[in-house]
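# Structural description and commentary
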Amino acid sequence: MIVSNWRKAFLPLVLSVVLIFTGCSSKEPSKYAATQKETSGRNAPAAVAKKAEAGGDFNKFFPQGASGYSRVFSQEKKGFAEAKLNKDGKNVAVLSISDTISLPAAAKKYENSISKLNNYPLIDDTKLKSTSVLVNNRYQVKVASRDPSFTSEDRQLWLQKFNLGGLSSLK
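We now turn to the structure provided with this report. (Residues numbered from 1 in each chain as written. Predicted model: local features only at pLDDT ≥ 70, side-chain atom pairs only at ≥ 80, totals over all residues. Heavy atoms only, no water.)

### Here's the deal with unusual backbone geometry
- Its identity is not glycine, yet Asp-88 carries a phi of approximately 55 degrees, on the positive side.
- For Asp-88, the position within the fold is in the loop between strand E2 (80–87) and strand E3 (90–99).
- You will see that Asn-136, though not glycine, has its phi angle at about 60 degrees, which is positive.
- For Asn-136, the position within the fold is in the loop between strand E6 (130–135) and strand E7 (139–145). (Helix = DSSP H or I, 4+ residues; strand = E, 2+ residues; numbered from the N terminus.)

Structure (C-alpha cells):
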C-alpha cells in the first residue's frame with residue numbers, strides 16, 4: 001500500500017518537471033537572427049575588402065615610445081593595426097591605422113575637414129576624445145585618449161610622430 005501511494009505522488013512530479021522543461025525550451029527568435037542571416041548569405045559583402053592592406057604592413061609606420069612612453073602592439077588584422085601607448089604602467093592612449101577601403105564612409109567624413117596636419121585632413125573628435133588624419137585618401141591614422149591627462153594637443157603631437165609620408169607611399 002505504501003508503494004502505490006508513492007507511485008501516485010511520483011507520477012505528477014515527473015509530469016510537472018517534463019512540462020516545465022519542454023514549456024521553457026520554446027525560444028523566441030534572437031534579435032540578431034535577421035542580421036546573422038543577412039551577413040552570412042552567399043551574396044553578403046565581405047567585412048574586410050580583399051584589397052585591404054595587411055595589418056602587419058602598418059606596424060613600421062607607428063611611432064616608437066619616447067619620453068617615458070612605451071608602445072605595445074595590441075591588435076593586428078587585415079586592414080587594421082593598433083598599439084597601446086603607456087606611461088608609468090598606465091594606458092594613456094591607443095594608436096591605430098586602418099585601411100578605409102573596407103569602409104568608405106570612414107574616409108568620406110574627411111571631405112569637409114577644414115583642419116590639416118602635414119597637408120592631411122584632420123578631425124579632432126572631442127566627444128570620442130580622438131584625433132585622426134586621412135593619408136592618401138585611404139589610411140586613417142588615429143590617436144584616442146584613454147586617460148584625461150592625454151589631451152588633444154598630445155594626440156596631435158603623437159599623430160606627427162607617425163611616419164605619415166611612408167604610409168602615403170603604400171598603394
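So that's the structure; there's more coming.
### What about the packing of aromatic side chains?
- One pass over the structure, following the stated rule, counts five aromatic pairs.
- Relative to Phe-150, the ring of Tyr-69 has its centre 6.3 Å away and its plane inclined at 75 degrees; by these criteria the two rings are edge-to-face. Note that Tyr-69 is positioned in strand E1 (residues 69–77) and Phe-150 in the loop between E7 and helix H4 (152–161), a separation of 81 residues in sequence.
- Residue classification places Phe-150 among the buried positions, given a relative accessible area of 3%.
- Arranged with centres 5.3 Å apart and planes meeting at 70 degrees, the rings of Tyr-69 and Trp-158 form a pair that is edge-to-face. Within this pair, whereas Tyr-69 is found in strand E1, its partner Trp-158 is found in helix H4, the two being separated by 89 residues in sequence.
- Residue classification places Tyr-69 among the buried positions, given a relative accessible area of 18%.
- You can call Trp-158 buried: its relative accessible area is 2%. (Phe/Tyr/Trp six-rings, centres within 6.5 Å; stacked < 30°, edge-to-face > 60°. Buried < 20%, exposed > 50% of the residue type's maximum accessible area, 1.4 Å probe, protein only.)

### A short note on the environment of Leu-134
- By the element assignment, Leu-134 lies in strand E6.
- Taking C-alpha positions, Leu-134 is 9.7 Å from Lys-108, a pair spaced 26 residues apart along the chain.
- Here Leu-134 is in contact with Thr-100, Ala-107, Tyr-110, Tyr-120, Pro-121, Tyr-139 and Gln-140, once residues within four sequence places are set aside. (Contact = heavy atoms within 4.5 Å.)

### Overview of the pairing of E1
- Here E1 runs beside E2; their pairing, made up of eight bridges, is antiparallel. Its bridge partner being in E2, Ser-70 is matched across the sheet by Asn-86.
- The antiparallel hairpin formed by E1 and E2 contains two residues in its connecting segment, where Gly-79 sits at a positive phi of about 85 degrees. (Pairing = 2+ DSSP bridges.)

### Brief notes about the nonpolar core
- Counting 26 residues, the largest nonpolar core has Val-133, Val-141, Phe-162 and Leu-167 as the members making the most contacts within it.
- Among the elements of the structure, E2, E3, strand E5 (120–125), E6, E7, H4 and helix H5 (164–168) are those that each provide at least two residues to this core.
- If one sorts the elements of this core by residue count, E3 sits on top with four residues.
- Once residues lying within four places of it in the same chain are set aside, the contact partners of Val-141 are Ser-96, Ile-97, Thr-131, Ser-132, Val-133, Val-135, Leu-159, Phe-162, Leu-164 and Leu-167. (Core = buried A, V, L, I, M, F, W, Y, C linked by side-chain atoms within 4.5 Å.)

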